[in-house]
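Architecture at a glance
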Amino acid sequence: MLTGKQKRYLRSEAHHLKAIFQVGKEGVSANQIKGIDDALEAQELIKVKLLESCPDDVNSVAVELSMHTKAEVVQIIGRTIVFYRHSPQGIYRLP
């Protein structure tokens, strides 16, 4: 579980990142979950964007992806979700 200070730090780090995954009208698929899992392993901090055609709610998608990837939801802003999961590479040093 991330503290408020850690989330604030990760939000500032994620500000300049581009969304590397998009969830469309089919919703979340197994291939997307695998891709997000691999991206979290490599980068630790990623953004996922929900398209307007996505039938699911942004909160339900965030919960579903965080359960399947064992990642923390750092922020939900609009239709963009920021995820963090610590990896052995240790890219980000949390306060």
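None of these values were measured; they are calculated from a predicted model.

Here is what the cut-offs are and how they apply
Residues numbered from 1 in each chain as written. Predicted model: local features only at pLDDT ≥ 70, side-chain atom pairs only at ≥ 80, totals over all residues. Heavy atoms only, no water. Helix = DSSP H or I, 4+ residues; strand = E, 2+ residues; numbered from the N terminus. Expected span 1.5 Å × (residues − 1). Contact = heavy atoms within 4.5 Å. Pairing = 2+ DSSP bridges. Axes fitted to C-alpha atoms, helices over the stretch in contact; angles between N-to-C directions. Buried < 20%, exposed > 50% of the residue type's maximum accessible area, 1.4 Å probe, protein only. Right-handed = clockwise from strand over helix to strand, strands pointing away.

Things to note about helix H2 (residues 30-43)
- With 14 residues, H2 should cover 20 Å at 1.5 Å per step; its first-to-last C-alpha distance of 20 Å lies within 8% of that length.
- Packing partners of the buried residues in H2 comprise strand E1 (21-23), strand E2 (45-50), helix H3 (58-69) and strand E4 (80-84).
- Positive phi shows up at Glu44, right after H2, with a value of about 70°.

Some details on the sheet that holds E4
- The sheet built from 4 strands is open, its strands ordered E1-E2-E4-E3 with mixed pairing. What marks the edges here is a single partner per strand, and that holds for E1 and strand E3 (72-77). Recorded for the sheet is a direction-independent mean angle of 25° between the axes of neighbouring strands.
- Both E3 and E4 contribute to a ladder of 5 bridges, which runs antiparallel. Bridge assignment links Glu72 to a residue of E4, and that residue is Tyr84.
- Against the sheet, H3 touches E1, E2, E3 and E4, its axis set at about 20° to E4.

Quick look at the pairing of E2
- Extensive coverage of E2 is indicated by the burial of 5 of its 6 residues.
- As judged from the 3 bridges shared by E1 and E2, these two strands associate in the parallel manner. Across the sheet, residue Phe21 finds its bridge partner in E2, namely Val48.
- The handedness of the E1 to E2 crossover, carried by H2, is right-handed.

Brief notes about unusual backbone geometry
- Of note, the phi angle at Glu44 is positive, near 70°, even though the residue is not glycine.
- Of note, the phi angle at Lys70 is positive, near 60°, even though the residue is not glycine.
- Note on placement: Lys70 falls in the loop between H3 and E3.
- With a relative accessible area of 67%, Lys70 lands in the exposed category.

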